[in-house]
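Letter by letter, the chains look like this.
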Amino acid sequence: MPNSLDQTHNWPETGREWIERLVAFDTTSAYSNLELIDYVQSYLESLGAVCRRASNPGDGDKKANLFATIGPDIEGGVVLSGHSDVVPVASQVWKSDPFEVTERDGRLYGRGTADMKSFIAIALAMAPKFIAGGLKRPIHYAISYDEEVGCTGVHSMIENVVKDVPRPAAVIIGEPTSMQIVNAHKGIQAFETVIHGKAAHSSQPHRAANAIAAMVRIANFLTTLADDKRKNGPHNPDFEPPYTTFNLGRIEGGTALNIVAQDCNLVWEFRPLPEDDPSEILERLESFVNSEVLPELQLNAPEATIATHPISRVPSVRPEESGVAEALARLLTGRNDTKAVSYGTEGGIFQDAGLSTIVCGPGSIDQAHQSDEFIDLEQVEICEAFMEKLAHWATRDIQSL
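Residues numbered from 1 in each chain as written. Predicted model: local features only at pLDDT ≥ 70, side-chain atom pairs only at ≥ 80, totals over all residues. Heavy atoms only, no water.

A. Spatial organisation of the overall build of the protein. Check the secondary structure of the protein and you find ten helices and 15 strands. What you see for the protein is a C-alpha radius of gyration of 24 Å, in line with the 21 Å of a compact globule of 401 residues. Looking at the protein residue by residue over its 401 residues, the buried ones come to 51%. The long-range share in the protein, meaning contacts at least 24 apart out of those at least 6 apart in sequence, stands at 80%. Summed over all atoms, the accessible surface of the protein reaches about 17400 Å², with 48% contributed by carbon and sulfur. (Helix = DSSP H or I, 4+ residues; strand = E, 2+ residues; numbered from the N terminus. Rg over C-alpha atoms; globule rule 2.2 N^0.38 Å. Buried < 20%, exposed > 50% of the residue type's maximum accessible area, 1.4 Å probe, protein only. Contact = heavy atoms within 4.5 Å. Areas by Shrake-Rupley, 256 points an atom, 1.4 Å probe, with all protein chains shown as cover.)

Below, the structure written as structure tokens:
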């Protein structure tokens, strides 16, 4: 772990040095991210940045978002956005310390190198150059928490940005896309379904309400919904797979073989295409539960209940007609092509707040969440060139994009 802030005057300078520094903070989602936030805030404030923190209720003593602005206090700036948290390394076998960057064969290995501390690091390394060029438009740094557990942390920061910050022109989410421009991704809708039935001796099932048996029916119905989406759509060939998908993630229930199960929980999700309607899926599930599963469960146990609770909602990113963020990304990357992906990001939350948003960052999603996670040094160099072009764009006289 990094030392305390008494040595923060020796700031990293290069993108590589910043990657090493940020990876050294163990910001696994279950832990605090405040040491990293303190460090980055101190650095940016030493450069004259205006920094704002935001946390969701109950999180402030352990976690924080950081929104920092360099340059003029005007509309039209660019938000460079990334999450500070990483997924666990528990049960993974690594060839080197996951929280110490190791270079091998043109790659930097370490937890978060791809997902997604390298983007944040390269952006931080560019801050002195942004400032030295004389910014005509502000550059905003948005560093969030708890992205990896459902994009739950970023909401308070976005609310503050919409309320208190001159409106940015574009948001760039630096998730690993191999520096390709992603203008669409699926959403994530995650739920826990909880059934409370009635226990009895297994020889007396007619006196009981079996929660596991009821949950099996619900799980089968969700599988049927998944098959329906696969066969009947909607379909979008830009995605792989090109339809809304479902996953039954975890099921728990029962206490013993000779006891009719009183309780059962199912954690599940679906990932809708941008053009699919999540409410229609939930309405179909609710109709099935209320018309078929619950009445049967309550025959022997009128007190039996079935409830489905949302865990997280990550909205999809949708292509924007004449989107400023996409146009800027095309300018900075020199690319005219775009793609869609099936994983989720915080981009849809920014977009739902009315901010033009694109996803574009270094590294490959194929390395994310894996043991021996890495980023190719070539990707670091491409992202650095991207930031150099952003510096040129942000320091020229404002006319149009």
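Next, the rest of the story.
B. Expanded view of the nonpolar core. One finds Leu44, Leu80, Phe130, Ile139, Tyr141, Ile172 and Met387 to be the most contacted residues of the largest nonpolar core, which totals 55 residues. In this structure, Ala209, Met215, Phe270 and Ile306 belong to the second largest nonpolar core, which totals 27 residues. (Core = buried A, V, L, I, M, F, W, Y, C linked by side-chain atoms within 4.5 Å.)

C. Representation of the packing of helix H3 (residues 113-125) against helix H10 (residues 377-394). Where H3 contacts H10, the axes come no closer than 10 Å and their chain directions differ by 45°. With respect to each other, H3 and H10 are oriented oblique. When you trace H3 past H10, the crossing you get is right-handed. Between H3 and H10, the contacting residues are Phe119, Ile122 and Ala123 on the first element and Val380, Cys383, Glu384 and Met387 on the second. (Axes fitted to C-alpha atoms, helices over the stretch in contact; angles between N-to-C directions. Parallel < 35°, antiparallel > 145°, perpendicular 65-115°, else oblique. Left-handed = near helix turned anticlockwise from the far one by under 90°.)

D. Unusual backbone geometry, seen in detail. Here the amide bond leading from aspartate 115 into methionine 116 is cis, since omega sits at -10°, within 30 degrees of zero. Along the chain, methionine 116 turns up in helix H3. A cis amide bond, omega 15°, links glycine 233 with the succeeding residue proline 234. Tracing the sequence through the fold places proline 234 in the loop between helix H6 (211-232) and strand E10 (245-253). One non-glycine residue, aspartate 146, adopts positive backbone phi at about 60°. Looking at where aspartate 146 falls in the secondary structure, it is placed in the loop between strand E6 (139-144) and helix H5 (155-164).

E. Region of interest: the sheet that holds strand E15 (residues 374-376). The antiparallel open sheet is built from three strands, whose spatial order is E4-E5-E15. The open sheet has two edge strands with one neighbour each: strand E4 (102-104) and E15. Within the sheet, the average angular offset between the axes of one strand and its neighbour, ignoring direction, is 25°. Two elements, strand E5 (residues 107-109) and E15, share three bridges in a ladder whose sense is antiparallel. Note that in E15 the partner of tyrosine 109 across the bridge is phenylalanine 374. Along the sheet, H3 contacts E5 and E15; its crossing angle with E15, the most-contacted strand, is approximately 55°. Its contacts with the sheet place H10 against E4, E5 and E15, and it is angled at close to 65° to E15. (Pairing = 2+ DSSP bridges.)

F. Up close: the packing of aromatic side chains. This structure, assessed with the given rule, holds eleven aromatic pairs. Ring centres of phenylalanine 221 and phenylalanine 288 lie 4.3 Å apart, and the angle between their planes is 5°; on these two criteria the pair is classed as stacked. With phenylalanine 221 in helix H6 and phenylalanine 288 in helix H7 (residues 278-297), this pair connects stretches of sequence that are 67 residues apart. Grouping residues by exposure puts phenylalanine 221 and phenylalanine 288 together as buried. An aromatic cluster of at least three residues, connected via ring pairs, comprises Trp11, Trp18, Phe25, Tyr39 and Tyr43. Above the face of the tryptophan 393 ring, arginine 137 is positioned so that its terminal group lies 3.9 Å from the ring centre. (Phe/Tyr/Trp six-rings, centres within 6.5 Å; stacked < 30°, edge-to-face > 60°. Lys NZ or Arg CZ within 6 Å of the ring centre and 35° of its normal.)

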